[in-house]
Amino acid sequence: IGLAFTLAFCSFSYEVVVTKLIISVVGDDLQYQVIMIGFFLLGLGLGSFWIDFKPAKNPSRYLINVEFYLAAIASCLSAFIMFFASYFELAHRGLLEFSLPWIGIPLLPLLLGLCPIAIGVLTGMELPLIFRKLKMNGSEKFSIQLLSVNYFGSLCAGVICTLYLLPIFGNQRL
């Protein structure tokens, strides 16, 4: 049960940080925040749907791989977002001698929207893999409790990240 809480807490923390970075680039608008959360939810659905077709003989090992990729991708996405924030700031000020013409301002929110989808896909694989492991061990009765704890972990991550961690580590516009 602690694993479900921790996975949800970490995954949603990644999402909150990535969404904060994206919002600081495209503008602090509720519209963009809702779209980014919507993209994350889309990724959750895609991940849980996709993992159903992926046979995993060892769900524990697969889950460890998913968590490794999730942490790596969240870190890389943060760097990717910071690159585009710097690029558009310099381009806006006319300080660039080169440009990437294929990246226009209307394309930026869509391009950055792929970030929450990537995190959501990997996060969407977590609970199905845990449920698969429980089924293999004959412990399916904990499924509802795990789902509840997982939701609670996401709630705690949202509250702690937005109220405590972002103000401590930086909550300013890029």
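Remember, it's a predicted structure, so these values are computed and weren't measured experimentally.

*Asks:* I'd like a description of the overall build of the protein chain, backed by residues and values.
*Replies:* On a plain count of helices and strands, the protein chain comes out with five helices and zero strands. In the protein chain, the succession of helices and strands from N to C terminus is α-α-α-α-α. Residues classed as buried in the protein chain amount to 37% of the 174 residues present. Considering only residue pairs separated by 6 or more positions, the protein chain has 83% of its internal contacts joining residues 24 or more positions apart. Summed over its atoms, the accessible surface of the protein chain is roughly 10,200 Å², and 69% of this surface lies on carbon and sulfur atoms.

*Asks:* Can you lay out the packing of aromatic side chains for me, pointing to particular residues and giving the numbers?
*Replies:* On inspection of all chains with the given rule, the structure shows five aromatic pairs. An angle of 40° between the planes, with centres 6.0 Å apart, marks the rings of Phe-5 and Phe-152 as tilted. Within this pair, whereas Phe-5 is found in helix H1 (residues 2–26), its partner Phe-152 is found in helix H5 (residues 143–169), the two being separated by 147 residues in sequence. Taking the relative accessible area as the measure of exposure, Phe-5 reaches 26% and is therefore partly exposed.

*Asks:* Got a sec to walk through the layout of surface pockets? Specific residues and values, please.
*Replies:* Approximately 310 Å³ is the volume found for the largest pocket. Taken together, 17 residues make up the lining of the largest pocket; nearest its centre are Leu-44, Thr-123, Asn-150, Tyr-151 and Ser-154. Elements supplying a minimum of two residues to the lining of the largest pocket: H1, helix H2 (30–51), helix H4 (107–137) and H5. Residues belonging to the lining of the largest pocket are distributed by class as follows: 10 nonpolar, six polar and one charged.

*Asks:* Summarise the environment of Gly-43; cite the residues concerned and give the values.
*Replies:* On the secondary structure map, Gly-43 appears in helix H2. Separated by 82 residues in sequence, Gly-43 and Met-125 place their C-alpha atoms 9.7 Å apart.

*Asks:* So what's going on with the side chain of Glu-15? Residues and values would help.
*Replies:* Mapped onto the secondary structure, Glu-15 falls in helix H1. Excluding anything up to four places from it in sequence, Glu-15 contacts Met-36, Ile-37, Phe-40, Pro-116 and Ile-119.

*Asks:* Requested: an account of the side chain of Ser-13, with residues and values cited.
*Replies:* Along the polypeptide, Ser-13 turns up in helix H1. When residues no more than four places from it in sequence are discounted, the contact partners of Ser-13 are Ala-157 and Cys-161.

*Asks:* Break down a nonpolar patch on the surface for me, with residues and values.
*Replies:* Nonpolar side chains collect at one region of the surface, where Phe-152, Leu-155, Val-159, Ile-160, Leu-163, Tyr-164, Leu-165 and Ile-168 lie side by side and expose about 770 Å² of accessible area between them. Phe-152 gets classed as partly exposed once you look at its relative accessible area, which sits at 46%.

*Asks:* Lay out the environment of Ser-143 with the relevant residues and their values.
*Replies:* Turning to its location among the elements, Ser-143 is positioned in helix H5. Sequence-wise, Ser-143 and Ile-1 are 142 residues apart; in three dimensions their C-alpha atoms are separated by 9.6 Å.

*Asks:* Just give me the short version of the nonpolar core, but keep the residues and values in it.
*Replies:* Grouped together as the largest cluster of nonpolar side chains are 35 residues, with contacts concentrated most on Ile-22, Ile-81, Ile-119, Leu-129 and Ile-130. Residue contributions to this core peak at 10 residues, all from H4. In this structure Ile-119 touches Ser-11, Tyr-14, Glu-15, Val-18, Phe-40, Leu-70, Ala-74 and Leu-77, once residues within four positions along its chain are discounted.

Criteria and thresholds
Residues numbered from 1 in each chain as written. Predicted model: local features only at pLDDT ≥ 70, side-chain atom pairs only at ≥ 80, totals over all residues. Heavy atoms only, no water. Helix = DSSP H or I, 4+ residues; strand = E, 2+ residues; numbered from the N terminus. Buried < 20%, exposed > 50% of the residue type's maximum accessible area, 1.4 Å probe, protein only. Contact = heavy atoms within 4.5 Å. Areas by Shrake-Rupley, 256 points an atom, 1.4 Å probe, with all protein chains shown as cover. Phe/Tyr/Trp six-rings, centres within 6.5 Å; stacked < 30°, edge-to-face > 60°. 1 Å grid on protein atoms, 1.4 Å probe; cavity = no way out; pocket = protein on both sides within 12 Å on 5 of 7 lines; lining within 4 Å. Points joined across faces, edges and corners; volume = space filled by probe spheres on them. Nonpolar A, V, L, I, M, F, W, Y, C, P; charged D, E, K, R; others polar. Patch = residues over 30% accessible without salt bridge, like charges linked within 9 Å, V, L, I, M, F, W, Y side chains within 5 Å. Salt bridge = Lys/Arg side-chain N within 4 Å of Asp/Glu carboxyl O. Core = buried A, V, L, I, M, F, W, Y, C linked by side-chain atoms within 4.5 Å.

It is worth stressing that arrangement in space is one thing and function is another; only the former is reported here.
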